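Topology and contacts: notes
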Amino acid sequence: MKEIELEGLNEKIYVYTTKCGLKVYMWVNEKVTTTLMNLSVKYGSIHNKFKVGKKAYEVPNGIAHFLEHIKFNIDANTVAHDEFYKLGADSNAFTTFEYTSYLFYANNHLNECLNLLLDYVYTPYFTKKMITKEKGIIIEEANMSLDDPYNVMFFDNLKAVLQKSNFRNIITGEVEDIKEIYLDDIKLVYDTFYHPKNMFLSITGNFNPYEMIKVIEDNLAKKTFKKFVEPVIITEQEPKKVNSEYKEEFLNISYPQLKYSIKIPLNKFKDIDIVDLKMIINLILNINFGSTSDFKEELIDKELITNLSYYVDKYDEYIVITINVYTNYVEEVIKRIKDKIDNLVINENDIMRKRNAEIATLILNYEDIEQVNMMIQKDIINCGKIITDMKQRVNNLTKDNLAKVVKYINNDNVSVSVFLAKENQES
Amino acid sequence: MIFKTYKCNSYNVHTIKTDRFKTIHMEIIFRKELIKEELPYYAFLIDMLMESSKNYPKKRNLIIKMEELYKLMIYGSTVKTGDVLNSNIMVDFIDPKYIEEEGYLEKVIEFVFDVIQNPNATNEEFDLKQFNFIKERLKKEIKSINDNPFKVSVKSALNAMDENSKSAYSLMGSIEEVNEITPASLYKYYKKLFKDNVCDIFIIGNIDADDMVALINKYFKHRYLNQNKLSLMVDNKEKKKVTNASDESKNIQANLVMIYNVNNLDDVEKHIKFQVFNYIFGSGGLTSKLYKKIREENSLCYGISSMFLKYDQLLVIHISLDNKNIKKAISLVKKCLKEMVNGIFLEEDLADAIKNINLALDYTYDNNSSLLNNYVFNVFDNLPLIEDRKKELTKIKKEDVINVAKKLKLNTIYVLNGKDMEQ
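Residues numbered from 1 in each chain as written. Chains lettered and ligands numbered in written order. Predicted model: local features only at pLDDT ≥ 70, side-chain atom pairs only at ≥ 80, totals over all residues.

1. Regarding the overall build of chain B
Secondary structure summary: chain B contains 15 helices and 13 strands in total. Taken against the 2.2 N^0.38 rule, which gives 22 Å for 423 residues, the C-alpha radius of gyration of chain B at 23 Å falls within 12% of a compact globule. C-alpha extents for chain B along the principal axes are approximately 60 × 50 × 35 Å. Buried residues in chain B amount to 45% of all 423 residues. Pairs at least 24 apart in sequence give 81% of the contacts found in chain B among residues at least 6 apart. (Helix = DSSP H or I, 4+ residues; strand = E, 2+ residues; numbered from the N terminus. Rg over C-alpha atoms; globule rule 2.2 N^0.38 Å. Buried ≥ 20, exposed ≤ 12 C-beta atoms within 10 Å, placed from the backbone. Contact = placed C-beta atoms within 7 Å.)

As structure tokens, then:
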């Protein structure tokens, strides 16, 4: 077992690889009462085309999420939720674009819960009957998300920015996709991706890491895994241009919103890794569009907006920056954002102040078992390893490093989505 | 953990000393009886105080100062707790031992009370520009409630139950009510915040409680004596005939809300036994009776919630589902409750629910604001502390759960129809 020091934070992560190839990451906090364990598979909603050996497959959208739902069935009469419940543990699961995670919280019976987690995730039991039953539930879930305008705006904006990427698709799949999911698809995905070598376990809380490893090794030793043939995800090359430069849409919302998105190819930033890049862009946006910026203050003073926020994400080989604004003055605000993007500033005082604040946040993150578990998951999915030098990276947020990035944030490739109240369309 | 209370004449300070957390969390709570007309004023006021102050006249100035104080967070909200309105100001800041700055704690306390006691006002009127900005934002928030089918349907169901009930009052008021507020009338409520409200301050963290209280006394110049006893419970009357109401919507799904009265609970029932009942019945996630019956056995929906509004003495069940399944869902909810009343659940279900409530209580220990919240209700309503609740849980019998189930009386069934409603 390796102990990885997190530099400058006085924290460490235990890392272990089991004999069958499952990576285990552990963070111990003896002051908490609860432990959280997440068994994650590197298979998410975007992975619907893949190759195993020479054979290529395509499965319906929404299958990762569908599989997550039915994986809880242990056999015809037993559901994993109920078994965890009997142990006094709270179990759940979630599916993201890039991975699927099965988890539980417990304060007692940690070994039994861990065994149960490994047993149910690594024991395939799928029937036509359960798929038919679950379709009704998942269709209701998909309909529920269509009644959430914030979710609709998020995905409709992605559809405006991206032309071909699978990130355009909602995680549950559309109702028509869900109807097209069958037993063979489920079995194919499970057999291809649910192998210890394509998975990782993150444990955070109050436990003995050596004891956990013994439980895991003993459990997995009783299971047989086929030789892992690493699947190759097939992705369509996402074109450089945004899908739509401007669009208006009427939704069940009460106040207009606009999303101003900039799509930048990652290859512009050859010498900067994704962790640093996202941190640098966030800082540039914070200085120029955040609550301490002249820009936001002016828009508020002139009563042009009621709120402004921003976010940065990586989609395939692109970075997408989105500025999200609540406004009744769409045209004027778009013009001002455009001007601001052409005149971004980097101020040394702002950098220093925000850097200190970031370091405080880094320290504070290491008291919450959910937060740390999520940080581990993000590190593994985004970088394939634990990032050990975050504090140093924050200290490296200098004017020079920001300048290397700011020159690529411009109005060359912009998509604007305007969301208006349906009520007004009809009147 | 060491609990202490300091009576400081016009306010009380309640401290929990613990080294479990790297953050110190503080809540300054002003409380008064719930009066409908006052709600939009207090909601507006707390927003106004958190947006700027005399010495930090714009949000930007406030945030810069907060960043200088190592990302201190100060934020506010108003909350209805039964018949009481709480106007809360919360503060989170790093335990000074993690930073090397002389006098950090004093700077924090000085800043917090400076923001609260020096509002952005002149001649007893709030700054017009800031005022107008908050007004627009508040109106947007009021409108935005309509974007959320869950919130709209629960709000409409409470109105259908009894629009004059305090449980149906809107926390932010209506757009028309917000429009009536002026910078001068709002300032009157700023004065009322101190004059008419009872003030309690709660702090949790790795603190020297005596030093902390001395600093608060130094910077908090609150001089009004208000130690009125407030009653939390709203008396929602049972009905002989169930109210049925519905509205149309543009949503895809229908939203079904069923409201039950839960009257005459004693303290142990209110704080402990009803929680166990609801866990088995509907709030215990995928293992509850409602989930099993409505979602797993009949595939009628994805989400169900069963919320106990303790101080409103109501149980509110919400289900989002297809229009065509509404009748079936209503009959299944009734069937599940009947089973609870008839004791059709296992001793094992009871034991499992208690184990899971224990897990949730233990998890409270890992979160400073949850831990503090438990203490707040211990002070305001004698909610037993966590260890005492765990002891009480061990005493609960099946009969206790049946007895509280018998106290439920259906009051209202409300449906916000989806757009594909079958006639």
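Now that the structure has been shown, the text picks up again.
2. A few points about the packing of helix α1 (residues 39–51) of chain B against helix α7 (residues 183–195) of chain B
How two helices sit against one another is set out by the angle between their axes and by the gap between those axes. Residue and element names in this part refer to chain B. Contact pair α1 / α7: the axes reach a minimum separation of 10 Å and the direction vectors enclose 85 degrees. One element, α1, and the other, α7, form an angle in the roughly perpendicular class. On the side of α1, the interface is formed by Tyr41, Tyr42, Phe44, Leu45 and Met48, while α7 contributes Leu186, Tyr189, Tyr190 and Leu193. Grouping the constituent residues of the contact of α1 with α7 by class yields nine nonpolar, no polar and no charged. (Axes fitted to C-alpha atoms, helices over the stretch in contact; angles between N-to-C directions. Parallel < 35°, antiparallel > 145°, perpendicular 65-115°, else oblique. Nonpolar A, V, L, I, M, F, W, Y, C, P; charged D, E, K, R; others polar.)

3. Let's talk about the nonpolar core
Ranked by internal contacts, the top residues of the largest apolar core, which has 112 residues, are Cys113 and Leu117 of chain A together with Leu256, Val257, Val276 and Phe277 of chain B. The greatest single-element share of this core, amounting to eight residues, is contributed by helix α3 (residues 110–121) of chain A. Other than its neighbours up to four places away in sequence, Leu256 of chain B contacts Ile319, Leu321, Ile326, Ala329, Ile330 and Val415 of chain B. Leu299 and Ile319 of chain A together with Tyr70 and Ile203 of chain B belong to the second largest nonpolar core, which has 109 residues in total. (Core = buried A, V, L, I, M, F, W, Y, C linked by C-beta atoms within 7 Å.)

4. As for the pairing of strand β4 (residues 73–81) of chain B
Residue and element names in this part refer to chain B. Both β4 and strand β5 (residues 84–94) contribute to a ladder of nine bridges, which runs antiparallel. Within β5, the position partnered with Ile74 by the bridge is Val91. The turn joining β4 and β5, which pair antiparallel and follow one another in sequence, is formed by two residues; a positive phi near 60 degrees is taken by Gly82. (Pairing = 2+ DSSP bridges.)

5. A few points about the interface of chain A and chain B
Counting residues at the interface gives 47 residues for chain A, matched by 49 residues for chain B. Partitioned by chemical class, the residues of the side of chain A that touches chain B number 18 nonpolar, 14 polar and 15 charged.

6. As for the sheet that holds strand β13 (residues 246–251) of chain A
Residues and elements named next belong to chain A. Judged by pairing direction, the sheet is mixed, and its five strands sit side by side in the order β13-β17-β14-β16-β15 without closing on themselves. A single partner strand is all that each edge strand has here, and the edge strands are β13 and β15 (305–315). Between one strand axis and the next, the sheet turns through 15 degrees on average, direction left out of account. Bridge analysis of strand β14 (residues 257–265) against strand β16 (residues 318–327) gives nine bridges, and the strand direction is antiparallel. Across the sheet, Ser261 pairs through a bridge with Thr322, a residue of β16. Most of the contacts of helix α9 (residues 274–289) go to β15, to which it runs at about 165 degrees, and overall it touches β15 and β16.

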